[in-house]
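Letter by letter, the chains look like this.
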Amino acid sequence: MASFTKSLFLFLFIQFCFSILPSSFAQSPTPGSSDGYTIYGRVKIPSFGTKEFSLPAKVSNVKVILNGGQRVSFLRPDGYFSFHNVPAGTHLIEVVAKGYFFSPVRVDVSARNPGKIQAALTENRRGLSEFVLEPLKEEQYYEIREPFSIMSIVKSPMGLMMGFMLIVVFLMPKLMENMDPEEMKRAQEEMRNQGVPSLASLLPGAARSN
Amino acid sequence: MAMAIRVFLSFLLFLSLTNLASSLYEDQVGLMDWHQQYIGKVKHAVFHTQKTGRKRVLVSTEENVVASLDLRHGEIFWRHVLGTNDVVDGIDIALGKYVITLSSDGSILRAWNLPDGQMVWESSLQGSKESKSILNIPKNLKADKDDLILVFGKGCLHAISGIDGEVLWRKDFASESIEVSHIIQSPEVIYVAGFVGSSKFYVYEVNAKSGELLKNNHVALPFATSGESLSVSGDKFVVLDDVRSKIVTIDINNGNINYNQKQVSDLIKDSSGQAVILPSKLPGLFALKINSQVLLIKVTNEGELVALDQIDNTAAFSNALSISEDQHVFAFVQYEDNKIQLSVKDVNDWNGALLKENLVIDHQRGNIEKIFINNYVRTDRSHGFRALMVMEDHSLLLVQQGEIVWSREDGLASVVDVTTSELPVEKEGVSVAKVEQNLFEWLKGHVLKLKGTLMIASAEEKIAIQKLRLRSSEKSKMTRDHNGFRKLLIVLTRAGKVFALHTGDGRIVWSTTLHALRKSEDCEHPVGLNIYQWQVPHHHALDENPSLLVIGRCGPSVTAPTVISFLDAYTGKELNSLSLAHTVARVIPLPYTDSTEQRLHLIIDVNKHAYLYPRTPEAIEILKREFSNIYWYSVETDNGVIRGHALKSNCIHEIVDEYCFVFRDLWSIVFPSESEKIIATVTRKSNEVVHTQAKVMTDHDVMYKYISKNILFVANAAPKASGEIGTATPEEATLVIYIIDTVTGRILHRMTHHGCQGPVHAVFSENWVVYHYFNLRAHRHEMSVIEVYDQSRADNKDIWKFVLGKHNLTSPISSYYRPEISAKSQSYFFTHSVKAIEVTSTAKGITSKQLLIGTIGDQVLALDKRFLDPRRTLNPSQAEKEEGIIPLTDSLPIISQSYITHSLKVEGLRGIVTVPAKLESTSLVFAYGVDLFFTQIAPSRTYDSLTEDFSYALLLLTIVALVAALFVTYVLSERKDLEEKWR
């Protein structure tokens, strides 16, 4: 898990290095109203593409939600979104996209020096230098059916039982063979005395053999 | 031996731990679940029926949904659910390719791509004043021009480019104190018209290119006006005066404003009723409604009013539709006996009707509330018309050529309450012949399934398998099944319509609009409130059908008149309905039934009276017997008070009503209003079954759960932090949690979360409560669990006390007996915001529980209760691990496979309901919002039944193979025996 996260970070870092976007972090006090700021941001869904059935990143179904449902915004085709007239304070932005897991983002809109917004992912407390939100991981809603293999049958409880039985049937006689024949005879004698029913005696018609 | 058992147990545990997520394979979708998509009651509709491309209608609804519907079948092409505060004010099409929506009181303008619903641009419009919002998109037949979108909202006029949403200019009217009601566009000049006060009519002329104010003009009417003014044509307006006796026509031709007035009585003989101008936009015409009659009045070029026609029993008028350069048509519907007549007429040619069709619409749908028309060209080049009708029950119909082409039950987008009903018992057993006939088919199906599990099925066979599984007629039968999976979900919608949905496939079994909740003179805005099970026959009255109690009200306020209605749960027939003389503040189903198994209900009104239903002497008899055992509580959120009540005596009225009681206050808890405000209260479900009272700890200690039906969870937030996230600082926010016994008013437990705030969502079950809130310090959501244990019974585990008879197990349990309580609590981070929390419920309460969390993404996540166990520690001991305690982590895991909605969304999720199936392992889950979703879940897997994909063929194969092996080994052993004997 740890290594996975590490590689994910590395991946995200590379993503950032290559992103040549203009600063999408701009915000300005809006004219006309005194207490509103605008939060601009961008949602970027990289095509993980590792699995063949990965969903195509459909931007039209992505929602960006401010403060747990206070406002809902949608993405433009280029992935940008904005919230207007946001008062100064600390806010929470959540991205809802089917098939992807996004961390909520803590957004500090500063009242003292307008023009300053700080953002950090709340899941891992990582600050964002640019307001580009990316999924932490893909979400797989279905179990994947394992293709049919001998191993899966062997591993299943039934298979384990079968395996045990096979071992008993085929390995035990081998072990018996290695035993001293005299000792064997004595053991058989003992068993007979104790009257342990053998498989043969249980079967119909086997009684006469005794 | 003990060692072996321990190893085996831990092995089993390992197996069960790996399966904490209840997951689904992709091909199992639709087997046990169904999902229905709705949009809600349509407010505006715009047709898009160009010759090329798919024909569609764009709608905005009261659930804040913007959607594009297929005009042929009524299916949803695309749909967006806007935020709850983002009410859509207007919708239109611009440039022939964008859908423009104006929302949030005219402050957000969005453009959506017509084919796929992708948002193209969004514009935030600023303004300082609350005002009416108007969206005006000029209908240019030549689309090459840069379309200017005019929006009036928040006291400002904005001109916005249709291509990129850029605000070209804005003109602030906030300082002018004008109530703008019309925007009229001509190529160079925009007229902005409206009233200042109620008698001064102002018209401003604004330059269309720059937004510069050219001139303003006004006329002062010698009387006040009332109601909305209506624009009749480009330069004429009509409005009624304040006593509704005169019609005023205002003409703003050439910058001069003139007005004419005419008495309503001059136009119609019987003008005794209240006149109302209907808001249909018809060029040169307007419709005046008096009583149930509608008068169509023509406004001539000179401003004269001429009454054209008088139409009786009119339901709705459409806006005018321009079908060619100079031909404008409109539609209206009339009631005629049992039929509905749809007429389409030309505005200028009153006598000839373009269309006259008779329709039969199901009576249950109620009246037609809105009608939108659209035209198409028939093969013989004449015009045909189709009409989209919005009904009283919020359903949507498309009518073409006198027939209903499709209908959508969009009332189901506003479910307010849910209950369930059992289906009838199957009368006859399945005949043997039928089974034999199907045996071959059955075997074939299983062989196919076996192929599927072995992954050797071909593509066609796979399709056949999937079809076979989905088709399974078992699940949609109309009879009770052995496992209790088949039930009726009875839902009440806001429109006051009751639907019964089959849990197997979600189809509507019946639907009923309550007669008493139809819109009428006495009942202006009927709303459905609650639905209860009234009669659930299972012992003495098995031959009767179960019935339901529905409560509705004629308006949003608590004091509005209330109606109650009784429905047959199998047929939906209304058995009885009553208009109550009293109001309904609360309904309390009592745990008593009479001899016909009708449940007793107490209805509390706002004047502190309790009324008993059913109104039978027998019910009174039962109530008298249990008089001193009935307690309830009330929460006054505004005052911060919780009170406990008990019945006192009969009401003292002039008319003796023995079903009416007054009640007394037993206790009250007053929260300090300066530091605490009630934001959430949650109590246990009254029908919850608890299997075991005690919990065995790892050290073989026994803890007794504190289980009481009369227990209430209250969450209070600091008043400053009772708003939404982002409005408070951590220093001023605290969340205080109480657990209160509602019989004695005793506070069992109190806890403070510093730096935390709401919204709080909670669920109470057995002896624990789980709640979700926001931690401002960490700026993350948290979930906490409190488990309440009864300490006074803890001594009972001493064996010597049992021997000596000193235990208190036989002492009666009463709420007045004050047990010693201990509460354990733990908190965890949770990633998402939450819309609803529910817990699974099973028939006997043995199966472990799962929390069902409706997340902000409109999905439902199943989270095992074991993750919310106060006994979790960082390093659980071996014994604790064996018991299933998960090592403590700071946040709760979100395993994507455990979303019970899998890849679906229940848009606008509002509530989750769980119902136990008869099979102990299984719980039925119904989630509702704009969409509906139903599924079955088994929190501990289906340990008491074979799974759906269990392969009988494999079992048969194994048995056959074993028998064969048996004989082979038998023969072999015989042979060996013989050889040995010869030796």
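Rules of the game
- Residues numbered from 1 in each chain as written.
- Chains lettered and ligands numbered in written order.
- Predicted model: local features only at pLDDT ≥ 70, side-chain atom pairs only at ≥ 80, totals over all residues.
- Heavy atoms only, no water.
- Helix = DSSP H or I, 4+ residues; strand = E, 2+ residues; numbered from the N terminus.
- Buried < 20%, exposed > 50% of the residue type's maximum accessible area, 1.4 Å probe, protein only.
- Contact = heavy atoms within 4.5 Å.
- Areas by Shrake-Rupley, 256 points an atom, 1.4 Å probe, with all protein chains shown as cover.
- Buried area = accessible area lost by both parts, 1.4 Å probe.
- Salt bridge = Lys/Arg side-chain N within 4 Å of Asp/Glu carboxyl O.
- Phe/Tyr/Trp six-rings, centres within 6.5 Å; stacked < 30°, edge-to-face > 60°.
- Pairing = 2+ DSSP bridges.
- 1 Å grid on protein atoms, 1.4 Å probe; cavity = no way out; pocket = protein on both sides within 12 Å on 5 of 7 lines; lining within 4 Å.
- Points joined across faces, edges and corners; volume = space filled by probe spheres on them.
- Nonpolar A, V, L, I, M, F, W, Y, C, P; charged D, E, K, R; others polar.
- Axes fitted to C-alpha atoms, helices over the stretch in contact; angles between N-to-C directions.
- Arc of directions from axis to C-beta.
- Core = buried A, V, L, I, M, F, W, Y, C linked by side-chain atoms within 4.5 Å.
- Patch = residues over 30% accessible without salt bridge, like charges linked within 9 Å, V, L, I, M, F, W, Y side chains within 5 Å.
- Polar contact = N/O pair within 3.5 Å; in protein donor to acceptor, adjacent residues only side chain to side chain.

Undergrad: Break down the overall build of chain A for me, with residues and values.
TA: A tally of helices and strands in chain A yields five helices and eleven strands. The buried share of chain A, reckoned over its 210 residues, is 35%. Contacts in chain A between residues at least 24 apart in sequence constitute 57% of all its contacts with a sequence separation of at least 6. For chain A, the exposed area adds up to about 13000 Å²; of that, 63% sits on carbon and sulfur atoms.

Undergrad: Lay out the interface of chain A and chain B with the relevant residues and their values.
TA: The interface of chain A with chain B comprises 52 residues on the first partner and 57 residues on the second. Interface area, chain A with chain B, both sides summed: about 4900 Å², of which 53% is carbon and sulfur. At the junction of chain A with chain B, the criterion picks out two salt bridges. Glu123 of chain A is the salt-bridge partner of Arg780 of chain B, the closest N and O atoms lying 2.9 Å from each other. Top contributing element to the side of chain A that touches chain B by residue count: strand β5 (residues 89-96) of chain A, with six residues.

Undergrad: Lay out the packing of aromatic side chains with the relevant residues and their values.
TA: Note on aromatic pairs: each is described by the distance of the centres and the angle between the planes. This model, assessed by the stated rule, comprises 21 aromatic pairs over all chains. A centroid spacing of 5.7 Å and a plane angle of 75° characterise the contact between Tyr141 of chain A and Tyr899 of chain B, whose relative ring orientation is edge-to-face. Taken as a pair, Tyr141 of chain A in the loop between β11 (137-138) and α2 (150-155) and Tyr899 of chain B in the loop between α7 (878-883) and β62 (911-916) lie in two separate chains rather than in one. Pair check on accessibility: Tyr141 of chain A and Tyr899 of chain B agree, each one buried.

Undergrad: Which residues make up the pairing of strand β30 (residues 353-359) of chain B, and what values go with them?
TA: All names here are of chain B. Both strand β29 (residues 339-346) and β30 contribute to a ladder of six bridges, which runs antiparallel. The residue bridging Leu342 from the neighbouring strand is Glu357, located in β30. Hairpin geometry of β29 and β30 is characterised by an intervening segment of six residues between the two adjacent antiparallel strands.

Undergrad: Quick one: what's the story with empty space enclosed by the protein, residue by residue and with numbers?
TA: For the structure shown, the criterion picks out six cavities of 30 Å³ or more. Along the wall of the largest cavity there are 16 residues; nearest its centre are Val96 and Ala97 of chain A together with His832, Gly857 and Gln859 of chain B. Of all the elements in the fold, those that place two or more residues in the lining of the largest cavity are β5 and β6 (100-101) of chain A. Within the lining of the largest cavity, the residues separate by chemical class into nine nonpolar, four polar and three charged.

Undergrad: Give a detailed account of the pattern of salt bridges, specifying residues and quantitative values.
TA: Residue and element names in this part refer to chain B. If you walk through the whole model with that rule in mind, you get 32 salt bridges over all chains. Asp858 serves as the salt-bridge partner of Lys835, at 2.6 Å between the closest nitrogen and oxygen. Separated by 23 residues along the polypeptide, Lys835 in strand β59 (residues 834-839) and Asp858 in the loop between β60 (850-855) and β61 (860-864) bring together distant segments of the chain. In this structure Lys835 comes out as partly exposed when scored by relative accessible area, which is 27%. The exposure class assigned to Asp858 is buried, which follows from its relative accessible area of 3%. Because the salt bridges share partners, they merge into one network encompassing Arg365, Asp393, Glu409 and Lys497.

Undergrad: Outline the environment of Leu288 of chain B, listing residues and values.
TA: Residue and element names in this part refer to chain B. Checked against the element boundaries, Leu288 lands in strand β23 (residues 285-290). Separated by 22 residues in the primary sequence, Leu288 and Gln310 have C-alpha atoms spaced 9.5 Å apart. If we skip the residues at most four places from it in the chain, Leu288 touches Leu240, Ile247, Val264, Ala275, Val276, Ile277, Gln293, Val294, Leu295 and Ile297.

Undergrad: Account for the sheet that holds strand β31 (residues 368-377) of chain B, naming residues and giving values.
TA: All names here are of chain B. Strands sit in the order β31-β32-β33-β34 across an open sheet of four strands; the sheet is antiparallel. Of all strands in the sheet, those bounded by a partner on one side alone are β31 and β34 (403-408). If you compare each strand with its neighbour and ignore which way they point, the axes differ by 20° on average.

Undergrad: Could you give an account of the sheet that holds β62 of chain B, naming the residues involved and the relevant values?
TA: Residue and element names in this part refer to chain B. Strands sit in the order β1-β64-β63-β62 across an open sheet of four strands; the sheet is antiparallel. Edge positions in the sheet fall to β1 (34-36) and β62, since each of these pairs with one other strand and no more. Pairwise comparison of adjacent strand axes, ignoring direction, gives a mean angle of 15° for this sheet. Here β1 runs beside strand β64 (residues 932-937); their pairing, made up of three bridges, is antiparallel. Bridge pairing in β64 places Gln36 opposite Leu932.

Undergrad: Outline helix α5 (residues 617-625) of chain B, listing residues and values.
TA: Residue and element names in this part refer to chain B. Of all the positions in α5, only Ala619, Ile620, Ile622 and Leu623 are classed as buried. Summarising the axial view, the buried residues of α5 lie within an arc of 160°, below the 170-degree limit, and thus occupy one face. Within α5, the exposed residues directed more than 90 degrees away from the buried face are Pro617, Glu621 and Arg625. Buried residues belonging to α5 abut β43 (586-593), β44 (599-604), β45 (609-613), β47 (641-650) and β48 (660-670).

Undergrad: Pulling in residues and values, what's your account of the nonpolar core?
TA: Counting residues in hydrophobic clusters, the biggest one holds 50 residues, and the most contacted among them are Ile93 and Leu133 of chain A together with Leu851 of chain B. Among all residues touching Leu133 of chain A, those that are not within four sequence positions of it are Arg42, Val43, Lys44, Phe81, Ile93, Val95, Phe102, Val105 and Leu128 of chain A. Counting 36 residues, the second largest nonpolar core, distinct from the first, contains Trp34, Val59, Val65 and Val491 of chain B.

Undergrad: Tell me about the environment of Asp337 of chain B, and name the residues and values.
TA: All names here are of chain B. Of note, Asp337 is situated in the loop between β28 (327-336) and β29. Owing to a relative accessible area of 80%, Asp337 belongs among the exposed residues under this scheme. Along the primary structure Asp337 and Ser458 are separated by 121 residues, whereas in three dimensions their C-alpha atoms are 59 Å apart.

Undergrad: Give me a nonpolar patch on the surface: which residues, what numbers.
TA: Residues and elements named next belong to chain B. Side chains of Leu439, Trp442, Leu443, Val447, Leu946, Tyr952, Leu955, Leu956, Ile959, Val963, Leu966 and Phe967 sit close together on the surface and give an oily, nonpolar patch of about 1100 Å² of accessible area. Every element with two or more residues in the nonpolar patch is listed here: α3 (432-453) and α8 (952-982). Relative to the elements of secondary structure, Ile959 occurs in helix α8. Among the residues examined, Ile959 registers a relative accessible area of 44% and is labelled partly exposed.

Undergrad: How would you summarise the pairing of strand β57 (residues 780-790) of chain B if you had to cite specific residues and measurements?
TA: Sheet faces and side chains relate simply in a regular strand, where the side chains alternate between the two faces. All names here are of chain B. In terms of burial, β57 is largely enclosed, as eleven of its eleven residues are buried. Burial along β57 is two-sided: the residues Arg780, Glu782, Ser784, Ile786, Val788 and Asp790 and His781, Met783, Val785, Glu787 and Tyr789 are all buried. Note that strand β56 (residues 768-775) and β57 share eight bridges and pair antiparallel. Across the sheet, Val769 pairs through a bridge with Ile786, a residue of β57. From the end of β56 to the start of β57, which pair antiparallel, there are four residues, and His779 there has a positive phi angle of about 55°. Of the pairings in the sheet, the one linking β57 to strand β58 (residues 821-830) comprises ten bridges and is antiparallel in character. Looking across to β58, one finds that Ser784 is bridged to Ser827.

Undergrad: Talk me through the environment of Pro181 of chain A; I want residue IDs and the actual numbers.
TA: Mapping Pro181 of chain A onto the fold places it in helix α4 (residues 181-194). Separated by 112 residues in sequence, Pro181 of chain A and Gly69 of chain A place their C-alpha atoms 82 Å apart.

Undergrad: Provide a residue-level description of the side chain of His753 of chain B, including the pertinent values.
TA: Residues and elements named next belong to chain B. The topology assignment puts His753 in strand β54 (residues 747-754). Residue His753 is classed as buried on the basis of its relative accessible area of 9%. Side chain to side chain, His753 and Tyr773 meet in a polar contact 3.3 Å long. What His753 contacts, discounting residues up to four positions off in sequence, is Thr734, Leu735, Ile737, Tyr771, Tyr773, Ser784 and Ser827.

Undergrad: An account of unusual backbone geometry is needed here, citing residue identities and associated values.
TA: All names here are of chain B. Here the residue pair Tyr613 and Pro614 is connected by a cis peptide bond, since its omega of 0° sits within 30 degrees of zero. Across the junction of Gly758 and Pro759, the peptide omega takes the value 0°, indicating a cis bond. Tracing the backbone shows Pro759 in strand β55 (residues 756-765). The backbone phi angle of Asp105 is positive, close to 55°, even though this residue is not glycine. Positionally, Asp105 belongs in the loop between β7 (98-103) and β8 (108-113). We classify Asp105 as partly exposed; its relative accessible area is 40%.

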